[in-house]
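Structural characterization, general
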Amino acid sequence: MPPSKNFTLALLFCFSLILLNSYASAIKVSHDGRSITIDGKPRILLSGSIHYPRSTPEMWPELIKKSKEGGLDAIETYVFWNAHAPVRRQYDFTGNLDLIKFIKTAQDAGLYVVLRIGPYVCAEWNYGGLPVWLHNLPGCQIRTANDVFMNEMKNFTTMIVDMAKREKLFASQGGPIIMAQIENEYGDVEWWYGAAGKVYRDWCANFAESLNVGVPWIMCQQNDAPDPMINTCNGYYCDQFTPKPNYPKMWTENWTGWFKSWGASDPYRTAEDLAFAVAKFFQFGGTFQNYYMYHGGTNFGRVAAGYITTSYDYNAPLDEYGALNQPKWGHLKQLHETLKSMEYTLTHGNITATDLGNNVTTTVYATEESSSCFLCNSDYKLDANISFRGTNYFVPAWSVSILPDCKTEAYNTAKVNTQTTVKVKRNNKAEDEPQSLHWTWRPENIDETKILGKGEVVVNHLMEQKEAANDESDYLWYMTSVDLKKDDPIWGKNNITLRINGTGCILHAYVNGEHIGSDQAARNFERNVTLKDGRNIISLLSATTGFSNYGGGYDLQPAGILGPVVLVGQNGDDESVIKDLSGHKWSYKVGLHGLTNKLFSSEKATKWSSENLPVNTTMTWYKTTFKAPLGTDPVVVDLQGLGKGNAWVNGHSIGRYWPSFLAKTDGCSDECDYRGKYESKKCNSKCGEPTQRWYHIPRSFMRDDDENTLVLFEEFGGDPSLVKFQTIAVGSVCANAYENNTLELACDGRSISAIKFASFGNPQGTCGSFKNGTSFTKGTCDGSNALSIIQKECVGKEKCSIDVSGDKFDSTNCGDIVKRLAVEAVC
Ligand code: GAL
């Protein structure tokens, strides 16, 4: 029987729906020489970097939601080649490496994505994101015109692009990806590669174009980017950046703070300065701006580059755990709203900039219908009173006032109306810790290596660590023996010393099974040794903390022990006797027994002892069980008392730990003035404290209903008795709001329990997130009813919103000043 007419019509309808779905929604991303345009509409785009492997898929929706609420249009991420392909042509896109799921999470929230494929990415990521196997691939030279490298880069990049295309993720296919990046800041290092660098740059551009993604490609920090590649700027300030002629002005990395290295203090960039940089960028013609990082996150496992901490918090608007870093997040959100309200004039207006001297510049964006204005005071000391179009404006030093209608100041970068949150750590309420933690332990079995010197590979020279270990582990044993006869001249007077020239990695040295010393960044290691007649075994354990990630030829920086390794003694005539062991037969072993045997895995049934728990003992494994802290607040483990090693929760690595590495004692400041150029050494804190004491355990690593396992591999020696699990929550909030603004107080889901301080007038002091513990005091003018009003409006509530107006608050003795309301509330 032939199909009925109705049935055929229904079938046709379905087909056309399918067709519509796959083709109709293509989005055209381009530029008009001034702005990025989406479907022909010139845009002001605000974006933020979130690196998917630095959090967990369970965290992504919330991170992206908070990005959207913060006023972002797009999420920028790199793609991490070495994480996806630890072994050549074997790929992992599961768990927090599920790139496609991450992009779709952004898409579902209605955000765009800027995909920085690299695949060299820098990013304080191990080896800059390139797999170490590339280094060991015969004939391969990294980031230059080298066929072996270009072929591998082509292979991986094409695979990523194809994956995204299959899922219709490019805007040209209706997806969220509006731009893609090839390479990363190559322009900064191109000189190092000579003529071949230019060939490689051109190849990158041609290759990227050949992939036909249908969206613009960018090359950051690449002034000579071949057309049609868009050259973009990275840095703390990019308002003075000049794009290529007739290209849009774009900022791919606005550094919201800075990363941290082991032994360094805590970087802090103020909300005022960050907002100043962004406002100035748009005042001077910017169209796209991205915060690097918007959420920094955590370097789980072994992903951190050399000597980079496990925390990659970055002092970003969202903190390491994904909570709002206030006032940064909120101050930027208000800036974004203001800028967005002016999108039309900023992208269409005629621009008139006027230099008023004294570092003051005004800019007018005028269209026939409306105008928007910026008043910028770049002086880092002097406030300015600017007379502009017949009105006087007070513009504090190092700030920009934004007047969306060229009349009323809607935003000033130095006037922060958002609350500051002060976070507190609370002990695990699920149990009474640390008393209740019962530890068991096992020694790392190093007899074969330290006593017998037995490895897996033997060669007659010292090997570079990347070449010997291929990044399979942080650890590499170098073992050799030396035969000394009774009449050897080295048995002279005094001691014999062992001297090792290292490359700055961690070194543990053993002679005949005895530990003779360790160094946390060995370059010139020297220790006295006791040797015996006959055969002596020398075993050296080299440990890396990730490989370097930046600079021309960074990939060639050596790791491990390159030597010389020598024994030095004196003969009877006081002359030095040197025995060079570098060319001896060296035996190598990659990794540790406990790692190979997966002692960190909770499923593994191995013998652990609860007797005589050792402390301050090198090469020791510790294990305990714990109950997950109640609630939903982020969880950290305090590893105070421990030395250095790696930690696992239920088999998931939470990263390298190293609380015994104290931050240097100099370079911290008591005050943090937002005025003046920021650089990573300005406004640092926590000098002399453990570089990182608390380590993030994502909730998804833990089980609710069962016992959780924490395993530590302790390399230097430590004491686990102080280890405890804690949650992080907002403890108090404080805020400052100027007259005619709204002040919002919120305890992140908890209720406000008390008001500690309130004053309307000219309150003094700061309540800073730079250093906790600072507080406000009353100024010379203070109305009497502020405290009672705020108590009434806020106590017992999760959030409250107060209109700050002179009508409501009395301020009898204030005279003609701009008044502020300062409040501190307890959560
Ligand atoms: C940039 C680089 C980023 C990151 C940043 C510092 O030069 O492009 O990947 O390394 O520096 O955090």
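Presented here is a report on the structure given in the accompanying data block. Since the model is a prediction, treat every value here as computed from it, not as a measurement.

**As for the state of the cysteines**
What the rule picks out here adds up to 7 disulfides. Two residues share a disulfide in this structure: cysteine 747 and cysteine 827, whose sulfurs sit 2.1 Å from each other. Residues cysteine 747 and cysteine 827 are joined by a disulfide whose S-S torsion is about -80°; by sign, that bridge is left-handed. With cysteine 747 in the loop between strand 36 (741–746) and strand 37 (754–761) and cysteine 827 in the segment after strand 39 (820–826), this pair connects stretches of sequence that are 80 residues apart. Assessed through its relative accessible area of 14%, cysteine 827 is described here as buried. Among the cysteines around cysteine 376, which has no disulfide bond, cysteine 373 carries the closest sulfur, lying 13 Å off. Using a relative accessible area of 0% as the deciding quantity, one classes cysteine 376 as buried. Cysteine cysteine 505 remains unbridged, with the sulfur of cysteine 122 as its closest cysteine sulfur at 19 Å. Cysteine 505 sits in the buried class, given a relative accessible area of 11%.

**A closer look at the environment of leucine 541**
Mapped onto the secondary structure, leucine 541 falls in strand 25 (residues 534–543). For the pair formed by leucine 541 and valine 818, sequence separation is 277 residues and the distance between their alpha carbons is 64 Å. Excluding residues that lie within four positions of it along the chain, leucine 541 makes contacts with Tyr475, Leu476, Trp477, Ile506, Leu507, His508, Leu592 and Met619.

**Side note on helix 7 (residues 194–210)**
With 17 residues, helix 7 should cover 24 Å at 1.5 Å per step; its first-to-last C-alpha distance of 25 Å lies within 8% of that length. The complete set of buried residues in helix 7 reads Gly197, Tyr200, Arg201, Trp203, Cys204, Ala205, Phe207 and Ala208. Immediately downstream of helix 7, the backbone of asparagine 212 shows phi near 50°, a positive value.

**Some words on the site of the ligand**
As a structural note, the neighbourhood of the ligand is formed by 15 residues, with Tyr78, Glu124, Glu185, Glu253 and Tyr314 the closest of them. At 3.1 Å, a backbone N or O of valine 121 approaches an oxygen atom of the ligand. In the environment of the ligand, an oxygen atom lies 2.8 Å from a nitrogen or oxygen atom belonging to the backbone of alanine 123. Taken together, the residues of the shell around the ligand break down into 10 nonpolar, 2 polar and 3 charged.

**What to know about helix 9 (residues 328–341)**
For helix 9, which comprises 14 residues, the first-to-last C-alpha distance of 20 Å matches the rise-based estimate of 20 Å (1.5 Å per residue) to within 8%. Taken together, the buried positions of helix 9 are occupied by Lys328, Trp329, Gly330, His331, Leu332, Leu335, His336, Thr338 and Leu339.

**Thoughts on unusual backbone geometry**
Glycine aside, residues mostly have negative phi, and peptide bonds are mostly found in the trans state. Following tyrosine 292, the chain continues into methionine 293 via a peptide bond in cis, with omega recorded as 0°. Mapped onto the elements of the fold, methionine 293 is located in strand 11 (residues 286–295). Omega for the bond connecting glycine 563 with proline 564 falls within 30 degrees of zero, at 0°, which places this linkage in the cis form. One can find proline 564 in strand 26 (residues 561–570). Non-glycine residue glutamate 124 carries a positive phi angle of around 55°. With respect to the secondary-structure elements, glutamate 124 resides in the loop between strand 6 (112–118) and helix 5 (132–135). Of note in this structure, aspartate 471 is not a glycine but carries a positive phi near 65°. Counting through the fold element by element, aspartate 471 comes out in the loop between helix 12 (465–469) and strand 22 (475–484).

**Topic: the packing of helix 6 (residues 147–166) against helix 7**
Contact pair helix 6 / helix 7: the axes reach a minimum separation of 12 Å and the direction vectors enclose 25°. It follows from the interaxial angle that helix 6 and helix 7 lie roughly parallel. Where helix 6 crosses over helix 7, the two elements pack in a sense that is right-handed. Residue-level inspection shows Phe149, Met150, Met153, Lys154, Thr157 and Thr158 of helix 6 in contact with helix 7, the latter providing Tyr200, Trp203, Cys204 and Phe207. Taken together, the residues of the contact of helix 6 with helix 7 sort by class into 7 nonpolar, 2 polar and 1 charged.

**Some details on the sheet that holds strand 31 (residues 645–649)**
Think of a sheet as strands paired side by side through backbone hydrogen bonds, with each pair either parallel or antiparallel. A sheet is described by the order of its strands in space; here 5 strands give the open sequence 20-29-34-31-32, paired in antiparallel fashion. Strand pairing shows two members of the sheet lacking a second neighbour, strand 20 (440–443) and strand 32 (652–657), which therefore form its edges. On average, each strand axis in the sheet is inclined to that of its neighbour by 20°, with strand direction left out of account.

**Side note on the pattern of salt bridges**
The tally for this structure, following the rule as stated, stands at 39 salt bridges. In this structure, lysine 198 engages glutamate 190 in a salt bridge whose closest nitrogen and oxygen atoms are separated by 3.7 Å. Among the ionic pairs, aspartate 638 bridges to arginine 693, the shortest N-O distance being 2.8 Å. Of this pair, aspartate 638 sits in strand 30 (residues 635–638) while arginine 693 sits in the loop between strand 32 and strand 33 (694–697), placing them 55 residues apart in sequence. Here aspartate 638 falls in the buried class, since its relative accessible area comes to 0%. Residues joined in a network through salt bridges with shared partners are Glu190, Lys198, Arg201, Asp202 and Asp224.

Basis of the calculations
- Residues numbered from 1 in each chain as written.
- Predicted model: local features only at pLDDT ≥ 70, side-chain atom pairs only at ≥ 80, totals over all residues.
- Heavy atoms only, no water.
- Disulfide = S-S within 2.5 Å.
- Helix = DSSP H or I, 4+ residues; strand = E, 2+ residues; numbered from the N terminus.
- Buried < 20%, exposed > 50% of the residue type's maximum accessible area, 1.4 Å probe, protein only.
- Contact = heavy atoms within 4.5 Å.
- Expected span 1.5 Å × (residues − 1).
- Near = heavy atom within 4 Å.
- Polar contact = N/O pair within 3.5 Å; in protein donor to acceptor, adjacent residues only side chain to side chain.
- Nonpolar A, V, L, I, M, F, W, Y, C, P; charged D, E, K, R; others polar.
- Axes fitted to C-alpha atoms, helices over the stretch in contact; angles between N-to-C directions.
- Parallel < 35°, antiparallel > 145°, perpendicular 65-115°, else oblique.
- Left-handed = near helix turned anticlockwise from the far one by under 90°.
- Pairing = 2+ DSSP bridges.
- Salt bridge = Lys/Arg side-chain N within 4 Å of Asp/Glu carboxyl O.

Coordinates in, geometry out; function isn't part of it.
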